[in-house]
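These are the residues of each chain, in order.
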2 protein chains.
Amino acid sequence: VIGVGLIGGSLARALRAAGVCDEVIGCGRGEANLKRAQDLGVIDRYERDPGRAVEGADMVVLCVPLGAMYGILTRIAGHLSADAVVTDAGSVKGCVVEDVRRAFNAVPANFVPAHPIAGTEKSGVEASFAELFRDHMVILTPLRETASEASQRVSTMWKATGARIVNMEVEHHDQVLAATSHLPHLLAFSLVDTLARMGDREEIFRYAAGGFRDFTRVASSDPQMWHDICVANREPLLEVLQRFRDRLDDLADALNQNDGGTLLQTFGNAKRARDTLYQE
Amino acid sequence: VIGVGLIGGSLARALRAAGVCDEVIGCGRGEANLKRAQDLGVIDRYERDPGRAVEGADMVVLCVPLGAMYGILTRIAGHLSADAVVTDAGSVKGCVVEDVRRAFNAVPANFVPAHPIAGTEKSGVEASFAELFRDHMVILTPLRETASEASQRVSTMWKATGARIVNMEVEHHDQVLAATSHLPHLLAFSLVDTLARMGDREEIFRYAAGGFRDFTRVASSDPQMWHDICVANREPLLEVLQRFRDRLDDLADALNQNDGGTLLQTFGNAKRARDTLYQE
């Protein structure tokens, strides 16, 4: 497991809890974090060097921020066992595939792009827990080049964490996630930033109700990670952001012109869609 | 209690639980809902006619949608006891004060505008519970005309529910709430509506993660109520909405121009502000 944070740590915990691993080796930039992961019983041992970490491994999972993928890939190339399967947990799949292509000069048959649809606004191995992926989806986006046996092994690994497996095209994955994950994060960050810049910010935040807490929860997510995601998924994100801005402009116009009908229709449409999605 | 829904019902339950009321009389448009409230033990009895409902009452609390305030006020005028205190639970205060001024030709000394900062995305008396206001704030916006004894009685009532009392100017209340409550609701409704209009809406919603659920929770709120709030608080809402749109335009430009620094700075600023607000 390269990158032992919330996702990598939770995966390691889940696999150990399921008893499907002989040994989990952690790797990462910060030794203090790796020591902590070992002390917490998340990993058996660690290596600082990615090349050494993957030697002899039969499964390599990259759980680093998207901006760090390419560097790690170049450092593990040449150290992998012949039958090692390589997969990742990145929130954008197009850029990871591109990084793999660049680092290996072609996409190896044993590389399986993957994305567990799970997480919290917390970061780091301390926030990791074995049940994070239970009943969540893991999207695999195998390519033409991908060996079905490799996909099968990644599938089996994630199923051991309690997750359900879904297959999808790379491009479709990046569009769907731009809409339901990347855009909401961008909006939450942007709203909190907007209010924080207002003169009476403390006064404003003091009277925030419960809805504000939930609405802005994702704005406590790791800024570097979300910077990487937005940059890596620029095109699909800009496209859905434009759709949103057009609708918001319509709402602002309606409000400006006292056109209550448009507001009511929009709010009603949204409520129906959300209530259908979550029957709570 | 005129309007026995989530707010009115929870207030009635809390006051009865605290044992500070001889009798709670409910009033509202739908008899089925009033019967239900009586069956649930939320109110002692009900009246369909607002004029009859307030006769002999020493405290009248208007918990109806903002769009219904004026009509109710005209129907209770002339039926109030001389020492009856009238207050409300509306999410916008300027419009309620205006409605009162119109209905009574002046703001009576025994009228106290108020706003409990509490609620859920649910509606109706079934969703009400006595603890809704515990440790939440209730903002009072007394006017020059307001008798301090009337303010004191409304204060005492809300304290019995476990709430804390804050005093504020009407205009300031409406600006602060536009930023932390009305704008987030508008954005959540707008986002869900935007995605619901996309061709592959079911496909899109299917892969929504936990963050999306929290982010869009407020989009399950009552559309009519939020229509009323947005229209009633049009000017302050348009102002903060414009600030937000300007910042979002900046972010879109930054993303377009691959200016990662601006994204990172915005996300970092937002995370710091939110983490300061909620030390969870």
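The notes below deal with the structure included here. Note that the coordinates shown come from a computational prediction; the quantities given were computed from them, not determined experimentally. (Residues numbered from 1 in each chain as written. Chains lettered and ligands numbered in written order. Predicted model: local features only at pLDDT ≥ 70, side-chain atom pairs only at ≥ 80, totals over all residues. Heavy atoms only, no water.)

1. Here's the deal with the state of the cysteines
All names here are of chain A.
- Per the counting criterion, the structure on display carries zero disulfides over all chains.
- For the unlinked cysteine Cys-63, the closest cysteine sulfur is that of Cys-27, found at 11 Å.
- Here Cys-63 falls in the buried class, since its relative accessible area comes to 15%. (Disulfide = S-S within 2.5 Å. Buried < 20%, exposed > 50% of the residue type's maximum accessible area, 1.4 Å probe, protein only.)

2. Here's the deal with the relation of the copies chain B and chain A
- The operation relating chain B to chain A is a screw motion whose rotation component is 180 degrees, with 0.0 Å of axial translation and a residual RMSD of 0.0 Å. Each copy turns onto its partner about a two-fold axis. No C-alpha of chain B approaches the rotation axis more nearly than that of Phe-215 of chain B, which lies at 2.1 Å.
- A share of 100% of the interface residues of chain B reappears at the interface of chain A, consistent with the copies meeting face to face through the same patch. (Least-squares fit on C-alpha atoms with pLDDT ≥ 70 in both. Contact = heavy atoms within 4.5 Å.)

3. Concerning the pairing of strand S8 (residues 164-167) of chain B
All names here are of chain B.
- In the sheet, strand S7 (residues 137-140) pairs with S8 via four bridges, with the strands oriented parallel. Following the sheet pairing, Met-137 is matched in S8 by Arg-164.
- In this fold, the crossover linking S7 to S8 by way of helix H6 (residues 148-159) has right-handed handedness. (Pairing = 2+ DSSP bridges. Helix = DSSP H or I, 4+ residues; strand = E, 2+ residues; numbered from the N terminus. Right-handed = clockwise from strand over helix to strand, strands pointing away.)

4. Here we look at the interface of chain B and chain A
- Listed per partner, the contact involves 83 residues of chain B and 83 residues of chain A.
- Here chain B and chain A share an interface that buries about 8200 Å² over both sides, 69% of which is from carbon and sulfur atoms.
- The three residues of chain B that bury the most area against chain A are Tyr-207, Phe-215 and Phe-267 of chain B, which together make up 9% of that side's buried surface.
- In this assembly, chain B and chain A are joined by six salt bridges.
- Note that Arg-247 of chain B and Asp-193 of chain A form a salt bridge whose closest N and O atoms lie 2.8 Å from each other.
- Linking chain B with chain A are 25 residue pairs in polar contact (both at pLDDT 80 or more). (Buried area = accessible area lost by both parts, 1.4 Å probe. Salt bridge = Lys/Arg side-chain N within 4 Å of Asp/Glu carboxyl O. Polar contact = N/O pair within 3.5 Å; in protein donor to acceptor, adjacent residues only side chain to side chain.)

5. Brief notes about the packing of helix H10 (residues 223-232) of chain A against helix H12 (residues 260-277) of chain B
- Two elements in contact, H10 of chain A and H12 of chain B, have axes whose closest approach is 9 Å; the angle formed by their N-to-C orientations is 140 degrees. As far as their axial angle goes, H12 of chain B and H10 of chain A are oblique. Seen along the crossing, H10 of chain A lies across H12 of chain B with a hand that is right-handed. Residues Pro-223, Gln-224, Trp-226, His-227, Cys-230 and Val-231 of chain A of H10 of chain A form the contact with H12 of chain B, whose participating residues are Gly-260, Leu-263, Leu-264, Phe-267, Gly-268 and Lys-271 of chain B.
- Tallied by class, residues from the contact of H10 of chain A with H12 of chain B come to seven nonpolar, four polar and one charged. (Axes fitted to C-alpha atoms, helices over the stretch in contact; angles between N-to-C directions. Parallel < 35°, antiparallel > 145°, perpendicular 65-115°, else oblique. Left-handed = near helix turned anticlockwise from the far one by under 90°. Nonpolar A, V, L, I, M, F, W, Y, C, P; charged D, E, K, R; others polar.)

6. Regarding a negative patch on the surface
All names here are of chain A.
- A surface patch of like charges, here negative, comprises Asp-22, Asp-58, Asp-83 and Glu-149.
- Here Asp-83 is to be found in the loop between helix H4 (66-76) and strand S4 (85-88).
- Overall, Asp-83 belongs to the exposed group, its relative accessible area being 53%. (Patch = residues over 30% accessible without salt bridge, like charges linked within 9 Å, V, L, I, M, F, W, Y side chains within 5 Å. Areas by Shrake-Rupley, 256 points an atom, 1.4 Å probe, with all protein chains shown as cover. Lys, Arg positive; Asp, Glu negative; His and termini not counted. Charge placed at Lys NZ, Arg CZ, Asp CG, Glu CD.)

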